[in-house]
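# Understanding the architecture of this molecule
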Amino acid sequence: MNSVFTITGTVMNIHLPAEVDHHNSERLCEEADRLIRKKHIRCVLFDFSDTAFMDSSGVGMLIVRYKTMRFMGGTVLAVNVGERMNRILTMAGICKIMDIYEDMPLKR
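Heads up: these notes are all about the structure in this document. (Residues numbered from 1 in each chain as written. Predicted model: local features only at pLDDT ≥ 70, side-chain atom pairs only at ≥ 80, totals over all residues. Heavy atoms only, no water.)

## Some remarks on the overall build of the chain
- Secondary structure summary: the chain contains 3 helices and 7 strands in total.
- Its helices and strands in sequence order give the chain the pattern β-β-β-α-β-β-α-β-α-β, from N to C terminus.
- At 13 Å, the chain has a C-alpha radius of gyration in line with the 13 Å of a compact globule built from 108 residues.
- In terms of overall dimensions, the chain has C-alpha extents of about 30 × 30 × 25 Å along its principal axes.
- Partitioning the intrachain contacts of the chain with sequence separation of at least 6 by distance along the chain shows that 68% fall at a separation of at least 24. (Helix = DSSP H or I, 4+ residues; strand = E, 2+ residues; numbered from the N terminus. Rg over C-alpha atoms; globule rule 2.2 N^0.38 Å. Contact = heavy atoms within 4.5 Å.)

Right, here's the structure in full:
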């Protein structure tokens, strides 16, 4: 799996692989949850810049991380979302629960 977890302070960037499917969603979930607890993460950025496909297990992974972070008072964002992934996220209803950006949002 080519996912990369990068942590800066309390922000974790998860650079997702080309395909987010049932084969790698479970490992992504386990590692993300471990790091969220260990590093006291308050914001998770799912980076879709290399992602071309996501199935229902990938959608489930996003929703569970969203619920976890919301319970902890944190946030989840989807960044570098292309047209294809934007359609998938919109059809799955993800756009109703988390902010989705075509590019990385500007730092404030």
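## Side note on the pattern of salt bridges
- For the structure shown, the criterion picks out 3 salt bridges.
- Residue Glu31 is joined to Arg34 by a salt bridge in which the shortest nitrogen-to-oxygen separation is 2.7 Å. With Glu31 and Arg34 both in helix α1 (residues 22-39), this residue pair falls 3 residues apart, about one helical turn.
- Glu31 gets classed as partly exposed once you look at its relative accessible area, which sits at 26%.
- Among the residues examined, Arg34 registers a relative accessible area of 35% and is labelled partly exposed. (Salt bridge = Lys/Arg side-chain N within 4 Å of Asp/Glu carboxyl O. Buried < 20%, exposed > 50% of the residue type's maximum accessible area, 1.4 Å probe, protein only.)

## Notes on the pairing of strand β1 (residues 4-8)
- Summarising the sheet, β1 and strand β2 (residues 11-15) pair through 5 bridges and their orientation is antiparallel. When the sheet's bridge partners are listed, Phe5 is paired in β2 with Ile14.
- The loop that links β1 with its antiparallel partner β2 comprises 2 residues; one of these, Gly9, has a positive phi angle of about 65°. (Pairing = 2+ DSSP bridges.)

## Concerning the sheet that holds strand β7 (residues 99-100)
- Taken in spatial order, the 5 strands make up an open sheet running β1-β2-β4-β6-β7, and their pairing is mixed. Unpaired on one side and paired on the other, β1 and β7 mark the two borders of the sheet.
- As judged from the 5 bridges shared by strand β4 (residues 43-47) and strand β6 (residues 75-79), these two strands associate in the parallel manner. Along β6, the bridge assignment pairs Leu45 with Leu77.
- In the packing of helix α2 (residues 56-71) onto the sheet, contacts are made with β4 and β6, and the angle to β4 comes to roughly 165°. (Axes fitted to C-alpha atoms, helices over the stretch in contact; angles between N-to-C directions.)

## Examining the environment of Pro17
- Mapped onto the fold, Pro17 is located in the loop between β2 and β3 (19-20).
- Each C-alpha atom, one on Pro17 and one on Arg34, is 19 Å from the other, the two residues being 17 residues apart in sequence.

## Observations concerning the nonpolar core
- One finds Val44, Phe46, Phe48, Met54 and Leu62 to be the most contacted residues of the largest nonpolar core, which totals 27 residues.
- Among the secondary structure elements, those contributing two or more residues to this core are β2, α1, β4, α2, β6 and α3 (83-91). (Core = buried A, V, L, I, M, F, W, Y, C linked by side-chain atoms within 4.5 Å.)

By themselves these figures say nothing about function.
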